[in-house]
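Coordinate inspection notes
The lines below spell out each chain.
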Amino acid sequence: MPSTVQLFVTCILDTLYPETGEAVVRVLERAGVKVSFPPEQTCCGQPAFNAGLRKQARKMAIQTIRAFEPYPGPVVVPSGSCAAMIRHSYAELFADDPNWLGRALTMAGRTYEFSEFLVDVLGVTDLGARFDGRLTYHSSCHLLRELGVDNQPRALLANVHDVDFVELPQTGECCGFGGVFSVEYPEISDAMLERKIASLETSGASMVVSCDSGCVTNINGGLHRKHKPQRAVHIAEILDKV
Amino acid sequence: MVDAFHSHIRASLADANLQSALDANAERRIKVRQIAFASLANPQELRRRAKLIRTEVIAHLDRYLEQFVAHASENGIVVHRATDAAEAIKIVLEIALQQSAKLIAKSKTMVSEELGLNHALESQGLRVIETDLGEYIVQLRGEAPSHIITPAVHLRRQDVGKLFEEKLGLPYTEDIGIMTNAARSALRQVFLDADIGISGVNFGVSETGTLCVVTNEGNGRMVTTLPRTHIALMGIERLLPSMDDLALMLSLLPRSATGQKLSVYTSLINSPRGANDPDGPQERHLILVDNGRTAVRESELREILYCIRCGACLNACPVFREIGGHAYVGRDGEASAYPGPIGSVVSPALFGQLEFGHLARSSSLCGACREACPVDIDLPKLLLKIRAGIGVNQNRNNAKPNAPAILAMGLGLFTVAATSPRRFAFAQWLVGLFGSLATLLAKGDPWMHLPAFSGWGYSKDFPRPATKTFRNRYFTQFKSALDEAEKLPIQSDPSASSITKIDILQNHAENLLQRFDDELVALGGKLSICPPGDVWQKILEILQAHNIHEILAWDETYLPDTLLEKLTEAGVKIIFPTGETIQTSSQVRAGLTGASAAIAETGSILVLGGPGRPLTASLLPEIHIALLREKDVYEQLGQVFQIEEIRRAPTAVLVSGPSRTADIEMTLTIGVHGPGELQVICVVDG
């Protein structure tokens with residue numbers, strides 16, 4: 001059982017949602033680990049990697065690897081796609097660079113997504129959280145299909161007290177974010193989001209939970225523009241409420 | 001930004017007809033695929049093995065090609081190699097010239113779409129008719145297919161009704177059965193009159209030289225059986241080492257493509273018509289097409305050659321579902337023959353990043369394509385390579401990342417910020433300042449309304465960046481508070497996962513005949529069980545029910561003793577069909593053949609060709625009656641592939657129910673080009 005975890009808060013949470021970052025810290029502390037924040041961290045490099053700009057992505061990946069190397073213990077990332085970037089794509093990024101490949105793989109080997117870490121490593125499913133209302137869950141693409149993490153967030157949500165959990169139709173269908181895709185092809189992204197919103201409306205839930213703040217930003221951005229009452233929320237915000 | 005692509009995207013999204021067609025396609029196809037895979041005991045293990053097989057073939061392609069070519073040539077198939085489209089077209093034209101051909105009947109082949117073959121043949125004065133219903137429809141419309149499996153997926157029945165009214169003179173109807181019948185009638189004469197039949201090849205088997213062609217409507221059988229010359233077009237990568245591997249792949253391909261356990265007709269073609277064969281083409285040509293594949297094989301995009309063209313990734317893709325196949329256009333505005341996720345890799349890989357690389361950017365990288373892929377191709381990884389300019393344009397060796405300039409600039413700046421914590425914090429401070437200002441201007445609204453040209457602002461608002469970032473809060477106030485935080489007792493959850501025992505196919509050894517019956521009935525076929533002495537009466541009963549007095553039949557050697565005599569005595573005219581009598585055979589409404597085996601798992605029967613066993617008897621009539629012995633019912637496809645005769649027969653066909661199509665609105669219609677009724681009579685002793 002690790003006593004201290006290194007939090008990689010991700011650039012989106014850091015810049016846009018510091019409260020969510022704080023919720024992540026509180027939840028982890030409640031689950032019994034100390035949280036440390038390596039100060040050199042910035043961005044994992046995923047935006048550049050997905051844009052095809054590998055040179056730039058490598059620079060950010062190196063920054064990230066260096067930022068965490070001095071601090072032992074598991075790295076916890078409250079984002080499925082950032083965790084997947086480190087776990088799977090760093091190997092691809094440094095495939096031809098023997099100097100960095102080993103260090104990248106070491107980093108990949110100790111990186112966990114937040115809900116995965118809580119359930120699979122700490123063995124916690126009931127955090128004593130309480131939510132009085134109807135929730136549903138959006139299975140984020142990289143979390144579900146690259147990391148194979150789905151039961152873990154569901155187990156955490158199932159143990160939230162007083163919650164009325166309903167299934168989101170086509171929960172594993174992409175919300176249309178896809179990072180640079182959403183700005184390069186906004187019309188397609190919007191059409192995909194429309195379907196996600198329609199599913200949300202069908203579910204009857206007032207909130208949709210996700211483990212990825214990219215999805216949260218995308219879904220909320222559309223809900224707000226389209227004057228819909230529902231909201232997307234990061235799972236840490238729900239688990240934080242006692 | 002590629003303007004042609006963007007305008008196609010907008011047009012697709014604005015086309016309500018197309019949207020409803022694509023929605024219907026995605027919903028139906030995803031569901032039937034899931035149901036079909038549920039009948040496999042361990043689909044993930046099968047998928048893993050399928051990928052291993054494809055990896056092995058592509059790794060040693062030269063060896064497998066050599067072996068395949070040697071065996072196919074020994075079998076009497078004339079094998080040609082074409083390095084590019086021009087060569088492939090030239091070979092087809094030369095064959096057509098030798099044959100003085102005028103009319104060519106084609107069954108669906110994506111390689112020919114890739115080559116632009118139809119256009120090239122037509123410009124030489126040849127008449128080329130597509131015979132797959134969906135492909136026939138798009139050809140009549142002057143369009144290209146919009147999907148590699150279901151070419152007319154973008155159309156509704158009303159579109160087809162109007163088209164057939166205009167082109168075939170069929171009174172306007174929305175009845176899919178009537179439309180299908182009209183196409184059947186129009187195309188039957190094409191099959192009978194065609195000088196050359198052109199087909200694709202789903203798989204070539206190296207150890208035997210066999211060509212496997214899979215169709216549902218029966219048009220694939222028609223064009224590979226009736227015209228005196230058959231030309232098969234095949235990408236050099238579509239090989240499998242052995243018949244065992246073919247059995248495995250056939251458990252995945254139809255399930256992935258259409259949700260079927262097996263397609264209606266799985267033709268295993270070994271050779272042209274032999275001296276003693278009653279029918280089949282006198283000449284079979286095979287054109288192995290490279291057209292850039294060797295270069296792809298040597299590139300980092302090699303994995304894309306594992307593809308078996310099932311179309312599952314198209315059906316699973318949320319982007320394809322929004323824009324449809326015709327929107328996947330190159331820089332010049334011409335659509336690629338290969339749309340969807342697979343096309344977004346294949347098109348730039350084969351035809352260049354400059355022309356098609358932008359397609360690889362039109363993906364959210366959600367991974368639904370990889371999840372659906374029966375050979376587990378890591379499509380997102382390949383899309384990312386193309387975006388990065390890796391593996392494409394090998395010959396020019398100058399591919400670069402293809403990010404739009406403004407995005408590249410923005411991410412370049414972001415990289416400068418993100419490679420130093422100090423610069424990063426400063427950038428965050430700037431962004432926060434901008435956010436505060438925006439909030440001030442918007443009178444406290446925490447949402448920013450970005451302009452549409454930003455991309456994001458097209459349909460979404462953006463949250464105001466925090467004035468104080470996480471790292472700021474953490475280091476000033478938050479950390480000290482946390483040090484005091486209480487700990488909860490930790491609960492452990494020792495849910496040890498047990499490893500499932502690998503059981504490739506569901507194992508039920510007993511009740512084979514009953515299970516075959518269940519599957520056959522589900523496909524729309526019929527099974528009767530009767531003792532040897534009663535078979536003639538059963539056949540007579542079927543014929544009388546349809547008021548039929550003549551029947552195409554195999555030679556008596558391959559049928560139960562005295563059966564044909566008894567039928568003749570009962571007033572049935574027995575006709576032995578040959579390749580020379582197809583025009584008259586086509587008028588006969590029933591056909592009688594043997595079935596050398598049946599497969600309980602899929603409801604299929606094995607019908608062999610060769611001396612005394614005309615292929616046309618099971619192909620041309622409306623009703624196909626097949627005689628099966630109980631001892632010949634097997635559990636699985638793989639067992640049937642062990643039957644030696646499959647490798648010796650000029651052609652062996654697995655028939656799974658009556659001929660069918662779902663090319664118009666995915667509505668199942670029974671009886672297209674092949675028989676609309678399949679009656680299997682199982683002869684049991686005692």
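Calculation rules
- Residues numbered from 1 in each chain as written.
- Chains lettered and ligands numbered in written order.
- Predicted model: local features only at pLDDT ≥ 70, side-chain atom pairs only at ≥ 80, totals over all residues.
- Helix = DSSP H or I, 4+ residues; strand = E, 2+ residues; numbered from the N terminus.
- Rg over C-alpha atoms; globule rule 2.2 N^0.38 Å.
- Buried ≥ 20, exposed ≤ 12 C-beta atoms within 10 Å, placed from the backbone.
- Domains from an automatic or database assignment.
- Pairing = 2+ DSSP bridges.
- Axes fitted to C-alpha atoms, helices over the stretch in contact; angles between N-to-C directions.
- Contact = placed C-beta atoms within 7 Å.
- Nonpolar A, V, L, I, M, F, W, Y, C, P; charged D, E, K, R; others polar.
- Parallel < 35°, antiparallel > 145°, perpendicular 65-115°, else oblique.
- Left-handed = near helix turned anticlockwise from the far one by under 90°.
- Expected span 1.5 Å × (residues − 1).
- Arc of directions from axis to C-beta.

1. Focus: the overall build of chain B
The helix and strand inventory of chain B stands at 28 helices and 24 strands. Computed over its C-alpha atoms, the radius of gyration of chain B comes to 29 Å, within 12% of the 26 Å expected for a compact globule of 686 residues. With the principal axes as the frame, chain B shows a C-alpha extent of 105 × 65 × 55 Å. Buried positions account for 54% of the 686 residues belonging to chain B.

2. Comments concerning the overall build of chain A
From N to C terminus, chain A includes 13 helices and eight strands. Taken over the C-alpha trace, chain A has a radius of gyration of 17 Å; the compact-globule value for 242 residues is 18 Å, and the two agree within 12%. If you line up chain A on its principal axes, its C-alpha atoms span 50 × 45 × 25 Å.

3. A short note on the domain arrangement of chain B
It is common to give the size of an interface as the accessible area lost on bringing the parts into contact. What the domain assignment lists for chain B is domain 1 (1–38 + 299–393), domain 2 (63–294), domain 3 (409–435) and domain 4 (512–683). Relative to domain 4 of chain B, the C-alpha centre of domain 3 of chain B lies at a distance of 72 Å.

4. Notes on the sheet that holds strand 2 (residues 34–36) of chain A
Residues and elements named next belong to chain A. Strand order in the open sheet formed by four strands is 2-1-3-4, and the pairing between neighbours is parallel. Either end of the sheet is taken by a strand with one partner, and the two such strands are strand 2 and strand 4 (111–113). Pairwise comparison of adjacent strand axes, ignoring direction, gives a mean angle of 40° for this sheet. For strand 3 (residues 75–77) and strand 4, the ladder comprises three bridges, and the chain directions are parallel. Within the sheet, the bridge partner assigned to Val76 lies in strand 4 and is Tyr112. Its contacts with the sheet put helix 7 (residues 114–121) on strand 3 and strand 4, and the angle it makes with strand 4 is roughly 100°.

5. Some remarks on the environment of B:Ala14
All names here are of chain B. Positionally, Ala14 belongs in helix 1 (residues 3–14). For Ala14, a count of 10 C-beta atoms within 10 Å corresponds to the exposed category. In sequence terms Ala14 and Ile323 are 309 residues apart; their C-alpha atoms lie 9.6 Å from each other.

6. Things to note about the sheet that holds strand 4 (residues 196–199) of chain B
Within a sheet, adjacent strands bond to each other through the backbone by hydrogen bonds, running parallel or antiparallel. All names here are of chain B. Pairing is parallel in the open sheet, where six strands are placed in the order 1-10-7-4-2-3. This sheet does not close on itself; its edge strands, each paired only once, are strand 1 (78–82) and strand 3 (127–130). In this sheet, neighbouring strand axes are inclined to one another by 20° on average, regardless of whether the strands run parallel or antiparallel. In this structure, strand 1 lies alongside strand 10 (residues 283–289), joined through five bridges in parallel fashion. Within the sheet, the bridge partner assigned to Val79 lies in strand 10 and is Leu286.

7. A short note on the interface of chain B and chain A
Every contact between the two is made by 64 residues of chain B and, on the other side, 68 residues of chain A. Those elements that provide at least two residues to the side of chain B that touches chain A are helix 1, helix 15 (318–323), helix 18 (368–372), helix 19 (379–387), helix 20 (405–418), helix 21 (421–441), strand 12 (462–463) and helix 22 (470–483) of chain B. Among the elements that take part in the side of chain B that touches chain A, helix 20 of chain B stands out by supplying seven residues, more than any other. Here the side of chain B that touches chain A is built from residues that sort into 35 nonpolar, 16 polar and 13 charged.

8. Remarks on the pairing of strand 9 (residues 265–269) of chain B
Successive side chains on a regular strand alternate, one facing one side of the sheet and the next facing the other. Residues and elements named next belong to chain B. Counting buried residues along strand 9, five of its five residues qualify, which places the element largely inside the surrounding structure. Here strand 9 shows no split at all, with Tyr265, Ser267 and Ile269 on one side and Thr266 and Leu268 on the other all buried. Here strand 6 (residues 210–215) runs beside strand 9; their pairing, made up of five bridges, is antiparallel. When the sheet's bridge partners are listed, Cys212 is paired in strand 9 with Leu268. One ladder, built from five bridges, connects strand 9 with strand 21 (residues 651–655); its direction is antiparallel. Paired with Ile269 across the bridge in strand 21 is Thr651.

9. Topic: the packing of helix 5 (residues 80–93) of chain A against helix 6 (residues 98–109) of chain A
Residues and elements named next belong to chain A. Look at helix 5 against helix 6: their axes get within 8 Å of each other, and the N-to-C directions meet at 165°. The orientation of helix 5 with respect to helix 6, classified from their angle, is roughly antiparallel. Of the two possible hands of crossing, helix 5 and helix 6 adopt the one that is left-handed. Counted together, Ile86, Arg87, Tyr90 and Ala91 of helix 5 and Ala104, Leu105, Met107 and Ala108 of helix 6 form the full contact between these two elements.

10. Let's talk about the domain arrangement of chain A
All names here are of chain A. The assigned domain composition of chain A is domain 1 (4–120) and domain 2 (125–240). Computed from C-alpha atoms alone, the centre-to-centre distance between domain 1 and domain 2 is 21 Å. Facing 31 residues of domain 1, the contacting portion of domain 2 comprises 25 residues. Elements supplying a minimum of two residues to the side of domain 1 that touches domain 2: helix 1 (11–15), helix 2 (18–30), helix 3 (46–51), helix 5 and helix 7.

11. Quick notes on helix 4 (residues 61–74) of chain B
All names here are of chain B. Its 14 residues give helix 4 an end-to-end C-alpha distance of 20 Å, which sits within 8% of 20 Å, the value for a rise of 1.5 Å per residue. Where helix 4 is concerned, the buried positions are Tyr64, Phe68, His71 and Ala72. With its buried residues spanning 100° around the axis, helix 4 presents them on a single face. For helix 4, the exposed residues lying more than 90 degrees away from the buried face are Asp62, Glu66 and Glu74. For helix 4, the elements touching its buried residues are helix 3 (43–59), strand 1, strand 5 (203–205), strand 8 (239–240) and strand 10. Once helix 4 finishes, Gly76 follows within two positions and takes phi at roughly 100°, a positive value.

12. Structural notes on unusual backbone geometry
Even without glycine at this site, A:Thr10 takes up a positive phi of about 80°. Judged by the 29 C-beta atoms lying within 10 Å of it, A:Thr10 is buried. For B:Leu365, which is not glycine, the phi dihedral falls at a positive 60°. Relative to the assigned elements, B:Leu365 resides in the loop between helix 17 (353–356) and helix 18. Using a count of 27 C-beta atoms within 10 Å as the deciding quantity, one classes B:Leu365 as buried.

13. Points about the environment of B:Ile323
You can see B:Ile323 is positioned in helix 15. The class for B:Ile323 is buried, based on 28 C-beta atoms found within 10 Å. Sequence-distant contacts of B:Ile323, that is, excluding residues within four places in its chain, are made with A:Ile188, B:Ile9 and B:Ser12.

14. Description of helix 11 (residues 186–203) of chain A
Between the first and last C-alpha of helix 11 of chain A there are 25 Å, a value that for 18 residues agrees with the 26 Å anticipated at 1.5 Å per step. Every buried residue belonging to helix 11 of chain A is among A:Pro186, A:Ile188, A:Ser189, A:Ala191, A:Met192, A:Leu193, A:Lys196, A:Ser199 and A:Leu200, and all of these are buried. On its buried side, helix 11 of chain A packs onto strand 5 (134–137), helix 10 (180–184), strand 7 (207–210) and helix 12 (213–225) of chain A together with helix 1 and helix 15 of chain B. Just past helix 11 of chain A, the residue A:Gly204 takes up positive phi, approximately 80°.

15. Quick look at the environment of B:Gln282
All names here are of chain B. Tracing the sequence through the fold places Gln282 in the loop between strand 9 and strand 10. Assessed through the 14 C-beta atoms surrounding it within 10 Å, Gln282 is described here as partly exposed. In the structure, Gln282 is positioned 65 residues away from Glu217 in sequence and 23 Å away in space, judged by C-alpha atoms. Setting aside residues up to four positions removed in sequence, Gln282 forms contacts with Arg228, Thr229, Pro272 and Arg273.

16. Overview of the pairing of strand 19 (residues 623–629) of chain B
All names here are of chain B. Counting buried positions over the seven residues of strand 19 gives six, a clear majority of the element. In terms of strand pairing, strand 16 (residues 590–595) meets strand 19 through six bridges, oriented parallel. Bridge pairing in strand 19 places Thr593 opposite Ala626. Pairing of strand 19 with strand 24 (residues 677–683), which is carried by seven bridges, proceeds in the parallel orientation. If you follow His624 over to strand 24, its bridge partner there is Leu678.

17. A closer look at the packing of helix 7 of chain A against helix 9 (residues 151–158) of chain A
Residue and element names in this part refer to chain A. Between helix 7 and helix 9, the least distance of the axes is 8 Å, while the angle of their chain directions is 80°. Between helix 7 and helix 9, the angle falls in the class roughly perpendicular. Mapping the contact onto sequence places Ser115, Glu116, Leu118, Val119 and Asp120 in helix 7 and Gln152, Pro153, Ala155 and Leu156 in helix 9. The class makeup of the residues in the contact of helix 7 with helix 9 is five nonpolar, two polar and two charged.

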